[in-house]
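Architecture at a glance
Chain by chain, the residues run as shown.
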Amino acid sequence: MGWLFLKVLFLGVTFLGCLYPLVDFCPSGETRGQKPNFVIILADDMGWGDLGANWAETKDTANLDKMAAEGMRFVDFHAAASTCSPSRASLLTGRLGLRNGVTHNFAVTSVGGLPLNETTLAEVLQQAGYVTGMIAKWGCSPVASLPGFDYYFGIPYSHDMGCTDTPGYNHPPCPACPRGDRPSRSLERDCYTDVALPLYENLNIVEQPVNLSSLAHKYAEKAIQFIQHASASGRPFLLYMGLAHMHVPISRTQLSADLRGRRPYGAGLREMDSLVGQIKDKVDRTAKENTFLWFTGDNGPWAQKCELAGSVGPFTGLWQTHQGGSPAKQTTWEGGHRVPALAYWPGRVPVNVTSTALLSVLDIFPTVVALAGASLPQDRHFDGLDASEVLFGWSQTGHRVLFHPNSGAAGEFGALQTVRLGSYKVFYVSGGAKACDGDVGREQHHDPPLIFNLEDDVAEAVPLDRGSAEYQDVLPKVREILADVLLDIAGDNTSRADYTRHPSVTPCCNPHHVACRCQATGWTDFPTGRC
Ligand SMILES: *[C@@H]1O[C@H](CO)[C@@H](O)[C@H](O)[C@H]1NC(C)=O
Ligand SMILES: *[C@@H]1O[C@H](CO)[C@@H](O)[C@H](O)[C@H]1NC(C)=O
Ligand SMILES: *[C@@H]1O[C@H](CO)[C@@H](O)[C@H](O)[C@H]1NC(C)=O
Ligand SMILES: *[C@@H]1O[C@H](CO)[C@@H](O)[C@H](O)[C@H]1NC(C)=O
């Protein structure tokens, strides 16, 4: 399959001095080692408390903890949204959903995706001479448009959006579809309810359904190859790994001795930690002094998955839990968007340092562009800032203001109704996501807003008294900040994402092949052209 093909491909093309056949620009005089390489690893549904370095109760992240000791750990670092597609689209564009158009998740059959006139980080770096690769979960639908990436290996969306024969915890396997004859009535009911999850290499489906048990291993292999060959090409590289770990289903790996007997979530964390460790080792062996490795997450834990959800650490959102519902993923409570974050760059980022600067996934774009010596597109506004002074230990100042867009639990998708100002957190709308007990805290509007001071209330338990001087001081500032951002967005070039769905875009290796497990209208008309 793809593996051997890729090997041959690499041998062939490195000889010609050009890494990938999809790329029509071969190296043109770039000298070796001038610009830094970037490896950005994004975890999925990982809680702030899932990183041992953040939260001593967690003992499953030895490699990440080591990376924290060898680099900088951010304790007040936030995802750009509390759900997958908007969060990932913001990483790639440096812009909030209200600007880049991606305010909620795409579906398997979404016709559109990240708007093509948004400029991705990969496009900017490609223009600056970088080799660019994306591995793992894309999530910005469809795979046919991965703007700016020379190489892709992974799944197009979450691994619970499709069936597989090796599903892991909390996901049923693909129904077994017999070949040939029509199935019996009962099979007809059970069969083809779900499209099998595809694994892509560039634009080709190389496995369907994907084997989730061996996926982390393949990701590591492909990432190591990418780093190897990009380094050998003499050009700087960007590797973006948008993992699906710790999203359910948690994979059932071939349990090694140290994983046996552990709870599935802990075993899954160890699998991810080991994957990150392998990539870091490769960076250390290949391009240590010249590679900036950034690890963070796309949103907080998915509480409704109970023991298969991660830990929010101390960010327990108590005001919300008293109303019912979960204060994690999909919400604007800290548990929804405060994520683990680590920066590692030997010789540049100081070692074993904890930063309390208020930073965001939105900052990755401007920071990486600045470090690459490239420039931001001039015809639009960005929500992130260049955090390199913080990274290098020269400054402790991050954002004064950060917006947390609604991500499904309450309010309109993408709307900016939760604001962070210094240590204050202001809610104009609140609501819980579905909790483990099935409860959903109802949506509530607050005007005047609820204001918490995170400095002495990280659990967001007790809002400030509306009559207090502190409250009266913060309120007018927040009103002005919100009016300003809405004005700014109104005057910006904003894009619209196309969320329409059509069954014809369902990814399928070959609609006539039973292993594709395509969704069909019935056995009488076996899917043709639609899958
Ligand atoms: C999936 O991968 C695992 C680990 O490599 C292997 O043991 C297993 O046989 C594979 N399963 C299928 C259905 O291919
Ligand atoms: C990191 O710092 C902590 C305290 O600030 C110290 O206890 C620990 O030994 C340091 N670790 C390393 C690897 O330097
Ligand atoms: C929007 O795009 C147009 C055309 O590219 C450009 O002239 C204008 O300055 C842009 N507006 C902003 C706010 O950047
Ligand atoms: C994308 O295209 C739309 C429609 O032409 C336009 O309104 C919008 O400003 C563009 N976005 C950017 C970032 O230029």
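Residues numbered from 1 in each chain as written. Chains lettered and ligands numbered in written order. Predicted model: local features only at pLDDT ≥ 70, side-chain atom pairs only at ≥ 80, totals over all residues. Heavy atoms only, no water.

In the annotation of an unreviewed UniProt entry, the chain is listed under the name Arylsulfatase G and assigned to Canis lupus familiaris. Listed in UniProt under the heading Cofactor (unreviewed entry), the comment for the chain reads: "Ca(2+)". Reading the Sequence similarities (unreviewed entry) entry of the UniProt record for the chain gives the comment "Belongs to the sulfatase family." (UniProt positions renumbered as here; feature names shortened; annotations may be inferred.)

Let's shift gears to the site of ligand 4. Taken together, the residues surrounding ligand 4 are Arg 95, Asn 117, Glu 118, Arg 380, Asn 493, Thr 494 and Ser 495. Between ligand 4 and Thr 494, the relevant distance is 3.3 Å, taken from an oxygen atom to a main-chain nitrogen or oxygen of the residue. Isolated, ligand 4 exposes 360 Å² of accessible area, and the fraction of that covered by the protein chains is 54%. Partitioned by chemical class, the residues of the shell around ligand 4 number no nonpolar, four polar and three charged. (Near = heavy atom within 4 Å. Polar contact = N/O pair within 3.5 Å; in protein donor to acceptor, adjacent residues only side chain to side chain. Areas by Shrake-Rupley, 256 points an atom, 1.4 Å probe, with all protein chains shown as cover. Nonpolar A, V, L, I, M, F, W, Y, C, P; charged D, E, K, R; others polar.)

Before going further, it helps to examine the state of the cysteines. Counted according to the given criterion, the structure contains one disulfide. Across a sulfur-sulfur distance of 2.1 Å, Cys 306 and Cys 436 are joined as a disulfide pair. Taking the sign of the S-S torsion, 110° for the link of Cys 306 and Cys 436, the bridge is right-handed. Taken together, the residues span a long stretch of sequence, with Cys 306 in the loop between strand E9 (291–297) and helix H9 (318–323) and Cys 436 in the loop between strand E15 (424–430) and strand E16 (444–453) at a distance of 130 residues. Here Cys 436 falls in the partly exposed class, since its relative accessible area comes to 47%. Summary of cysteine pairing: Cys 140 is not part of a disulfide, and the nearest cysteine sulfur, belonging to Cys 84, is at 7.0 Å. According to the relative accessible area criterion, Cys 140 is buried, its value standing at 1%. (Disulfide = S-S within 2.5 Å. Helix = DSSP H or I, 4+ residues; strand = E, 2+ residues; numbered from the N terminus. Buried < 20%, exposed > 50% of the residue type's maximum accessible area, 1.4 Å probe, protein only.)

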